[in-house]
Amino acid sequence: MHGSIRAAGTSRSHRLAGKIARSVAAVLTVAVLASGASITGVLLEAQPALAASTQPEIDAAIAQILRETNAERAKAGLNPLVLTPKINAVAQSWSEQMAAKKSMTHNPGYSSGIPQPWLRAGENVGHGYTTSTIVGAWMASEGHRNNILGDFTHIGLGYWVDATGRAWFTQNFAKYVIPDPTMINDPVTTVGKVDFTSTWPLKWWEPKYDYYVELHSPDGSLLQTQTVTQPTVSFTGLAGDTTYTVEITARAVDPPGQTYLSPVKSYSITTLKDWPDITPPAVTFRDADGTEDDTFTIPAVVGVDYLVNGTITPPGTYPGKDSVTATVKAQPGYVLTQDADTTWSATFKVTPYTAIPAAVTF
């Protein structure tokens, strides 16, 4: 009994490229290999038949193949592949279909079954080997080795044993790209005494990614976390007059990002001083008919500035003339009471006051 393997690869840049498929046959125990995306060969004598597939055995086989695959990538200085349930489902279904048909072929729909948005995809299949020999057989074949050591980030594995005891294997590969960290602009933050809101304008937005945000205390300990799908985040329940550090990290949504990236944006915010809210006293107006004593008075209050017709005006009493509009704003470190009156206005009557006499009645 002999084993057979095949490899296929697909890449995409904005659209799918056609799948390349070439194959050569091996005779006896000598494999004739050629460069290409599909290779069929009798490479190794298959080991004794395996027991019927049970879920624990499937899990154990997948774990071993993943471990050996990532060991080969580690030898080449490459990142380990992340086992992903949705890609696993594609690979497992195909192994079971090959076993049922007793025919080793590539899955014509694997590239569409792998969750989008991938940038590159590939597939290895094989049968007649054991979990201890299949990775070695793939590595001995250029096409399969190129997939195992390829530019991928995630993997799915399938394993099934048919009624005769022959094992059927599938590897599906995918590459996903996290947004470039430089694409996130500096956040714009609105700060209160116990809360703040940050919005970071994006030059680029990929709906298949979300953002994981951490809030750290002044000593660096983690206080709160949030996951957001839009470029804005709010934190509440903070201490006043305290500096916090915020770290924003991008992660994949589909397939799930099991590993967060390094922080893509880190910045500090300082909450306002924890002083009492200020309810500003009203600006008062005195409009004496028929006199030149018309005035308005700006009260003296710590923590606020009064503006008269748009110009900051010190506390005091001023002559009233024409129309006067006064507003108030909090100084840095102070907060106006919510719903406090912040605008006052008056139009002073002309002096001397023009009196219209009432008619004499008889």
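Residues numbered from 1 in each chain as written. Predicted model: local features only at pLDDT ≥ 70, side-chain atom pairs only at ≥ 80, totals over all residues. Heavy atoms only, no water.

## A few points about the environment of Gly-220
Checked against the element boundaries, Gly-220 lands in the loop between strand E8 (209-216) and strand E9 (222-228). Accessibility expressed as a relative area gives 45% for Gly-220, which makes it partly exposed. Separated by 24 residues in sequence, Gly-220 and Tyr-244 have C-alpha atoms that sit 8.6 Å apart. (Helix = DSSP H or I, 4+ residues; strand = E, 2+ residues; numbered from the N terminus. Buried < 20%, exposed > 50% of the residue type's maximum accessible area, 1.4 Å probe, protein only.)

## Let's talk about the packing of aromatic side chains
Tallied over the full model, the rule gives seven aromatic pairs. Relative to Trp-344, the ring of Tyr-306 lies with its centre 6.0 Å away and its plane at 40°, an arrangement referred to as tilted. Placement of Tyr-306 in strand E15 (residues 304-308) and of Trp-344 in strand E19 (residues 343-347) is noted, with a sequence separation of 38 residues between them. Accessibility assignment for this pair places Tyr-306 and Trp-344 in one class, buried. Through successive ring pairs, a cluster of aromatic residues spans Phe-285, Phe-296, Tyr-318 and Phe-348. (Phe/Tyr/Trp six-rings, centres within 6.5 Å; stacked < 30°, edge-to-face > 60°.)

## Regarding the pattern of salt bridges
Tallied over the entire structure, the rule returns three salt bridges. The closest approach of N and O atoms between Glu-72 and Lys-75, which form a salt bridge, is 3.6 Å. In this pair, Glu-72 and Lys-75 both sit in helix H1 (residues 55-75), three residues apart, roughly one turn of the helix. The exposed category is assigned to Lys-75, whose relative accessible area is 67%. (Salt bridge = Lys/Arg side-chain N within 4 Å of Asp/Glu carboxyl O.)

## Let's talk about the sheet that holds strand E13 (residues 284-286)
Taken in spatial order, the three strands of this open sheet run E13-E14-E17, and their pairing is antiparallel. Of all strands in the sheet, those with a lone pairing partner are E13 and strand E17 (316-319), marking the two edges. For this sheet the average axis-to-axis angle between neighbouring strands, irrespective of direction, equals 20°. Relative to E17, strand E14 (residues 295-298) runs antiparallel, the two sharing four bridges. Residue Thr-297 lies in a different strand from E17, and its bridge partner there is Thr-317. (Pairing = 2+ DSSP bridges. Axes fitted to C-alpha atoms, helices over the stretch in contact; angles between N-to-C directions.)

## Overview of the side chain of Thr-69
One can find Thr-69 in helix H1. Within the structure, Thr-69 has its side chain in polar contact with the backbone oxygen of Ile-65 (distance 2.7 Å). Beyond its immediate stretch of four places on either side in the chain, Thr-69 contacts Leu-81, Val-135, Ile-148, Ile-155 and Gln-171. (Polar contact = N/O pair within 3.5 Å; in protein donor to acceptor, adjacent residues only side chain to side chain. Contact = heavy atoms within 4.5 Å.)

## Focus on the pairing of strand E5 (residues 167-175)
Side-chain positions along a regular strand alternate between the two faces of the sheet. The buried count for E5 comes to nine of nine residues, which makes it a mostly enclosed element. Both faces of E5 are covered, namely the face carrying Ala-167, Phe-169, Gln-171, Phe-173 and Lys-175 and the face carrying Trp-168, Thr-170, Asn-172 and Ala-174. Here eight bridges tie strand E3 (residues 120-127) to E5, and the two strands are oriented antiparallel to one another. Note on E5: the bridge partner recorded for Val-125 is Thr-170. Relative to E5, strand E4 (residues 154-161) is paired through eight bridges, and the arrangement is antiparallel. Following the sheet pairing, Tyr-159 is matched in E5 by Phe-169.

## Here's the deal with the nonpolar core
Ile-65, Ile-134, Tyr-159 and Phe-169 are the most contacted members of the largest nonpolar core, which has 21 residues in total. Of all the secondary structure elements, the ones that give two or more residues to this core are H1, helix H4 (134-139), E4 and E5. In terms of nonpolar packing, the next biggest core, distinct from the first, is built from 15 residues, Val-213, Val-228, Phe-235 and Tyr-267 among them. (Core = buried A, V, L, I, M, F, W, Y, C linked by side-chain atoms within 4.5 Å.)

## Some thoughts on the sheet that holds strand E18 (residues 323-330)
The four strands are arranged E16-E15-E18-E19 in an open sheet whose pairing can be described as antiparallel. Both edges of this open sheet fall to strand E16 (311-312) and E19, since each of them pairs with a single strand only. Strand direction decides the pairing type here: E18 and E19, joined by five bridges, are antiparallel. In the strand pairing of E19, Ala-326 is matched with Trp-344.

## Points about the pairing of E4
Counted residue by residue, E4 has seven buried out of eight residues, so it is predominantly covered. The pairing of strand E2 (residues 82-83) with E4 spans two bridges and is parallel. Note that in E4 the partner of Leu-83 across the bridge is Ile-155.

That is the geometry; function is a separate question.
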